[in-house]
Amino acid sequence: MLTRREMIKAAGLAVAALRANLDGLGAAAAPGKDPGSQDRVSKRPPIGQRNFVSEAVEATIATVKRDIADAELAWLFENCYPNTLDTTVRFSMRRGRPDGFVITGDIPAMWLRDSTAQVWPYLPLAPEDQKLRLLLAGVVNRQTRCILIDPYANAFNDGPEGSHWESDLTDMKPELHERKWEIDSLCYPVRLAHGYWRTTGDASVLDADWRAAAQLIFRTFREQQRMRGRGPYKFQRVTAVAYDTVPLGGYGNPTRSVGLIHSMFRPSDDACIYPFLVPSNLFAVRALSQLREIFSDEIGDHAFAAECGELAAEVAHAIQEHAVAEHPRYGRVFAYEVDGFGNALFMDDANVPSLLSLPYLEALDAADPVYQATRSLVLSEDNPYFFRGEAGEGIGGPHVGLGMIWPLGITMRALTSSEESEILFCLRMLKATHAGTGFMHESFHQDDPSNFTRAWFAWANTLFGELIVKLHGERRHLLRASL
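Here's a quick rundown of the structure. What you see is a predicted model, and the numbers here were worked out from it, not measured in a lab.

Thoughts on the packing of helix α3 (residues 71-80) against helix α15 (residues 458-474)
Here is step 1: As a packed pair, α3 and α15 sit with axes 8 Å apart at the nearest point and diverge in direction by 125°. With respect to α15, the element α3 is oriented oblique. Remark: the crossing between α3 and α15 carries left-handed chirality. Residues L73, L76, F77 and C80 of α3 lie in contact with α15, whose contacting residues are N461, T462, F464, G465, I468 and V469.
Here is step 2: For the contact of α3 with α15, the per-class residue count stands at seven nonpolar, three polar and no charged.

Quick look at the structure:
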């Protein structure tokens, strides 16, 4: 097993080598004092063509941008931070209540996960911007409606429009875009409702429909513990892509019922190998704790609050018993997936919840020694989906293939780091790999950032904006540093 000193030394040597590559990239791409400045015009839609405008967001852009010394980084922030509002939000009033439908970008459907992640960075501004507050309430309301339609679906249409995936071998409905069961699809709406309630003090979103959806979330988690049978969900797709379908009649690979919650798919929308997806189970513990808090402190349903607390404790205990495994190099770490039989998958995926992201989701303390060992593992080449090349290094996943690094993972690395040198390293990498583009991509090739996927992926843009705003509030001197 590597000692912590050996891990740090190895990581430091790798970072130093890559930093030299990045410095070379920057010099080659941008000779002179401020190359490309003439091309740094705003890539945002004209004001009249933006889907939603928030005065608080615009004020934040102006304030934060003034403190960013690097012109390219400031330009990226100005374009990325408001991208969800500019291009993906559809807001309206529906029967006297706010409604917010949020597409992912180039896919015109609303994922429960992505829609929460896309608007989450704006939540701290809600108390000072009534219009923004209504939008956030509208997203909570829309997510509630979606869950009541089908708690097993991950993505929804704006209405009963049907889908390209309506031939999937599962219980499709016309309101669904896709029906891949992912634990985090139910955790994210709880995170948003809880965050909205705590931030604004507004409990209007916690109405009878929301309470029914919360009960359905709890029931679904219980069903997918599979303590008394396999439950009602199964999924198959006619495809040549193994990660797009579920084996063994659509119920997944075998497990032993140990109290963990089954997830057929990861937050990447790729099928799990072992159905106990560990980061999502940890996220579920956090979501159940938030439900307990809401039903105890606001709604006054102490019986249901107690049920949520009991299930959270049950899953948390099962995680400690079955999801912490001994790695030959890093010692006790969280596996990415397990099956209850003792099999464990050592890896991480850039999509959130990931093992790397657990402190960001408040599912784990960053100082936890098991998390720190896990972090060392997933940010190394002992993670089969950690890639390092001439353009950069970072976590990817099987979703878009080998060698493809996800900016989500780089940004999350910075958001969960306490090391300023590591945060600056991530900022330099994001700047170098997106120079001249104005936006984050879904992924880019480790050796060639011009080889990328999805130019319009709002989650990656908004998360990058969240990182910059966080640094402005906590480590402003890093933004004033020369990159």
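Additional details are given in the paragraphs that follow.
A look at the sheet that holds strand β9 (residues 337-338)
Within a sheet, each strand pairs with its neighbour through backbone hydrogen bonds, oriented either parallel or antiparallel.
Here is step 1: Across the sheet, three strands lie side by side as β6-β9-β10; this open sheet has antiparallel pairing. Of all strands in the sheet, those bounded by a partner on one side alone are β6 (276-277) and β10 (344-345).

So, the environment of D99
Here is step 1: One can find D99 in strand β2 (residues 97-102).
Here is step 2: In this structure, the C-alpha to C-alpha distance between D99 and A69, residues 30 residues apart in sequence, is 38 Å.
Here is step 3: A polar atom in the side chain of D99 sits 2.9 Å from the side chain of R142.
Here is step 4: One polar contact links D99 to R145, side chain to side chain, over a distance of 2.9 Å.

Focus: the pairing of β2
Here is step 1: Of all six residues in β2, five are buried, a share of seventy percent or more.
Here is step 2: Across six bridges, the pairing between strand β1 (residues 89-94) and β2 is antiparallel. Bridging across to β2, M93 finds its partner in P98.
Here is step 3: Taking the residues between adjacent antiparallel strands as the criterion, β1 and β2 are bridged by two residues, where R95 takes a positive phi near 55°.

Thresholds applied
Residues numbered from 1 in each chain as written. Predicted model: local features only at pLDDT ≥ 70, side-chain atom pairs only at ≥ 80, totals over all residues. Heavy atoms only, no water. Axes fitted to C-alpha atoms, helices over the stretch in contact; angles between N-to-C directions. Helix = DSSP H or I, 4+ residues; strand = E, 2+ residues; numbered from the N terminus. Parallel < 35°, antiparallel > 145°, perpendicular 65-115°, else oblique. Left-handed = near helix turned anticlockwise from the far one by under 90°. Contact = heavy atoms within 4.5 Å. Nonpolar A, V, L, I, M, F, W, Y, C, P; charged D, E, K, R; others polar. Pairing = 2+ DSSP bridges. Polar contact = N/O pair within 3.5 Å; in protein donor to acceptor, adjacent residues only side chain to side chain. Buried < 20%, exposed > 50% of the residue type's maximum accessible area, 1.4 Å probe, protein only.

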